[in-house]
Amino acid sequence: MTKLKLALLADIHHYSEKLGNSGRAYELREGSDQKCLKETGAIIDTVFEKLIDSDTDAILIAGDITNDGEKVSHTEVFEKFSRLSEKKKLYLITSTHDWCSDRNPRRFKDNEVFNDVETLTAPELTELYKIFGEKDRISEYNTPIGLVSACFQVSENLRLLAVHDDCDAKGGKSGYSEEHLSWMVKMLKDAEKDGCKVIAMEHHLLLHPFCRLVNSGQSIGDNFETASVLADNGLRLMITGHSHMQRTTQFTSEKGNTITQINLGSLTGYPSPVTYLTFDGENVEADVQFLKEFTYNDKTYSSEYLKKHTTGVLLNLLEAGKTDKRDFYERLRANGIKIPSYDLLYPLIRFICKRLLNMTCGGAGRLINIFTFGKGVDRKALREIRKMPLLDLVTKVFLSIFDGSFAVKDAKEAERKVVCSVGSLPSRIIKKLPLKKDKKEKILRTTDEIASLTTELMYPSLPDNLHTVIAL
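A. Geometry of the overall build of the chain. When helices and strands are tallied, the chain shows 15 helices and 17 strands. For the chain, whose C-alpha radius of gyration is 23 Å, the value lies close to the compact-globule estimate of 23 Å for 472 residues. Reported as C-alpha extents along the three principal axes, the dimensions of the chain are approximately 65 × 55 × 40 Å. For the chain, with 472 residues in total, the buried portion stands at 54%. Contacts in the chain between residues far apart in sequence, at least 24 positions, make up 69% of those at least 6 positions apart. Carbon and sulfur atoms provide 52% of the accessible area of the chain, an area that totals close to 22000 Å². If the 66 positive side-chain charges of the chain are averaged to one point and the 67 negative ones to another, these points end up 9 Å apart.

Have a look at this one:
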């Protein structure tokens, strides 16, 4: 058979510049976000033009297509989708940012934030976007809030389950009611009878790419139970978004059936990934490519711009802490950390920020080892990177959370050992403390996950986050 090529995108978060693209209020909002704001339209246009000129047969978009559900953002991105769909098949789902589930749509002017922004409801989203893939829709399921899950016949022997998980599980969590899940199982069984393979797409995570400390609040309710049901009924691939982390994860049910999750990074934030799936009738081969450059206001920006924007969330906060108390507290609040501005505390904050900005890995490691009697950081590895600025290592690890560990793929073994030894330090300390067994075990569950997180970042487990083959 002729191979089918799909392009997977998620979390494009289009932001209309009509909502404001300058001033202090906008600057604080922009500086607190891993993804871009005013440049989203330019990034989307660049990627869409590339897809139109490519051999891609269809594009799948896994939700959060606008910044915060603003009607003006939906209007603009709908036009982009329409131009794309003239050349390529397009299938998409919406999610919480598309109907503004936090009830906080914003526009910015000078120093003020305004919430008088018109948004769309879930039923209005369904009506607006139903045209995409409409000819290929073979079944649908209506959710309680007015969204519609659908099964599409993408090609002669491949179907897509594009499912909306918003507020459909117990307690209004992301996930699926028994009725919704039963419909999904029926679609899998029908496809098997008809000789078709199936891939699925939802917005929130089905599996934890890292650990509950990072991902539990981003996963659907009853996620492992749901994963088991889907895997045991023949689903082998689930495409997700939401976390902005490019990561491939696998889960095997008690019956021995494996399902793979490809969690897509945000298109408009570092590393701006597009995941290409090539289907040969039995398997899909996934290959991730990052955006190299885009043009905004007649100026060309490289991928380095996206990298600096993402790390700026951390570095700009430290710079503000070093030099400007008001700026520091405003940036904290923009990041959702609402604490009073303590004048007596700020000198300590300024001292810490200065030290962090200028500290080397050697200096930080020696400080840790002083308090741990030389047992905190691998001393041999530390000597090899002692002159490396601490923030260079921190930002490398930080970026790897989003890019599937691409940023650390060429890291020195000494860098990996130092990060892993620091990650395992809390568990090593807790194990030596004279605590009651039950209390110690409870704390260790958390500290061991910190250790596993750093190990996964520095030594990514299989399958490869950027290239893998999945049997359907």
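B. Looking closely at helix H2 (residues 40-52). The end-to-end C-alpha separation of H2 is 18 Å, in line with the 18 Å expected for 13 residues at 1.5 Å each. Residues of H2 that are buried include every one of Thr40, Gly41, Ala42, Ile43, Ile44, Val47, Phe48 and Leu51, and no others. On its buried face, H2 is in contact with strand S1 (4-9), strand S2 (58-62), helix H3 (71-85), strand S13 (273-279), strand S15 (293-296) and helix H8 (303-323).

C. Structural view of the nonpolar core. Residues Leu9, Leu51, Ile61 and Phe81 are the most contacted members of the largest nonpolar core, which totals 59 residues. Not counting residues within four places of it along the chain, the set of residues in contact with Leu9 comprises Val47, Phe48, Leu51, Ile59, Leu60, Ile61, Ala62, Leu264, Leu267, Pro273 and Val274. Counting residues in each nonpolar core, the second largest holds 27 residues, with Leu6, Leu8, Leu277 and Ile470 among its members.

D. Structural view of the pattern of salt bridges. The final tally for this structure, using the stated rule, is 26 salt bridges. Where Glu30 meets Lys38, a salt bridge forms, and the shortest distance between an N and an O atom there is 2.8 Å. The class of Lys38 is buried, set by a relative accessible area of 18%. Residue Asp116 pairs with Arg107 through a salt bridge whose shortest N-O separation is 2.8 Å. For Asp116, a relative accessible area of 53% translates into the label exposed. Taken together, the shared-partner salt bridges connect Arg24, Glu27, Arg326, Asp327, Glu330 and Arg331 into one network.

E. Expanded view of the state of the cysteines. Within the structure shown, the criterion is met by 0 disulfides. With no disulfide of its own, Cys100 has Cys167 as its nearest cysteine by sulfur position, at a separation of 13 Å. In this structure Cys151 is a free cysteine whose sulfur lies 8.6 Å from that of Cys196, the closest cysteine sulfur available.

F. Region of the structure containing the sheet that holds strand S12 (residues 258-263). Spatial strand order, S6-S7-S8-S9-S10-S12-S11: 7 strands in an open sheet with mixed pairing. Edge positions in the sheet fall to strand S6 (137-142) and strand S11 (247-252), since each has one partner strand and no second. Averaged over all neighbouring strand pairs, the angle between strand axes comes to 20°, with direction disregarded. Direction of pairing for strand S8 (residues 158-162) relative to strand S9 (residues 197-201): parallel, over a ladder of 5 bridges. What sits directly across from Leu160, in S9, is Ile199. Against the sheet, helix H7 (residues 223-232) touches strand S10 (237-240), S11 and S12, its axis set at about 120° to S12.

G. Representation of the side chain of Gln34. Its location among the elements puts Gln34 in the loop between helix H1 (24-30) and H2. At 2.9 Å, the side chain of Gln34 forms a polar contact with the side chain of His244. When near neighbours in sequence (up to four residues on either side) are disregarded, Gln34 contacts His244, Ser266, Gly269, Tyr270, His309, Thr310, Val313 and Phe402.

H. Just the pairing of S1, in detail. In terms of residue burial, S1 counts as a mostly covered element, since 5 of its 6 residues are buried. Looking at chain direction, S1 and S13 are connected through 5 bridges and run antiparallel. Along S13, the bridge assignment pairs Leu4 with Phe279.

I. Representation of the side chain of Thr240 in the model. Here Thr240 lies in strand S10. Classification of Thr240 as buried rests on a relative accessible area of 0%. A polar atom in the side chain of Thr240 sits 3.1 Å from the side chain of Asn263. With sequence-adjacent residues up to four places away left out, Thr240 is seen in contact with Ala62, Glu202, His203, His204, Leu205, Leu206, Gln261, Ile262, Asn263 and Leu264.

J. Main features of the sheet that holds S1. Pairing within the open sheet is mixed, and its 6 strands lie in the order S3-S2-S1-S13-S14-S17. Whereas interior strands pair on both sides, the edge strands pair on one side only; in this sheet they are strand S3 (89-93) and strand S17 (467-471). The average undirected angle you get between the axes of adjacent strands in this sheet is 20°. This element, H3, spans S2 and S3 of the sheet and lies at about 145° to S3.

Reading the values: the criteria
Residues numbered from 1 in each chain as written. Predicted model: local features only at pLDDT ≥ 70, side-chain atom pairs only at ≥ 80, totals over all residues. Heavy atoms only, no water. Helix = DSSP H or I, 4+ residues; strand = E, 2+ residues; numbered from the N terminus. Rg over C-alpha atoms; globule rule 2.2 N^0.38 Å. Buried < 20%, exposed > 50% of the residue type's maximum accessible area, 1.4 Å probe, protein only. Contact = heavy atoms within 4.5 Å. Areas by Shrake-Rupley, 256 points an atom, 1.4 Å probe, with all protein chains shown as cover. Lys, Arg positive; Asp, Glu negative; His and termini not counted. Charge placed at Lys NZ, Arg CZ, Asp CG, Glu CD. Expected span 1.5 Å × (residues − 1). Core = buried A, V, L, I, M, F, W, Y, C linked by side-chain atoms within 4.5 Å. Salt bridge = Lys/Arg side-chain N within 4 Å of Asp/Glu carboxyl O. Disulfide = S-S within 2.5 Å. Pairing = 2+ DSSP bridges. Axes fitted to C-alpha atoms, helices over the stretch in contact; angles between N-to-C directions. Polar contact = N/O pair within 3.5 Å; in protein donor to acceptor, adjacent residues only side chain to side chain.

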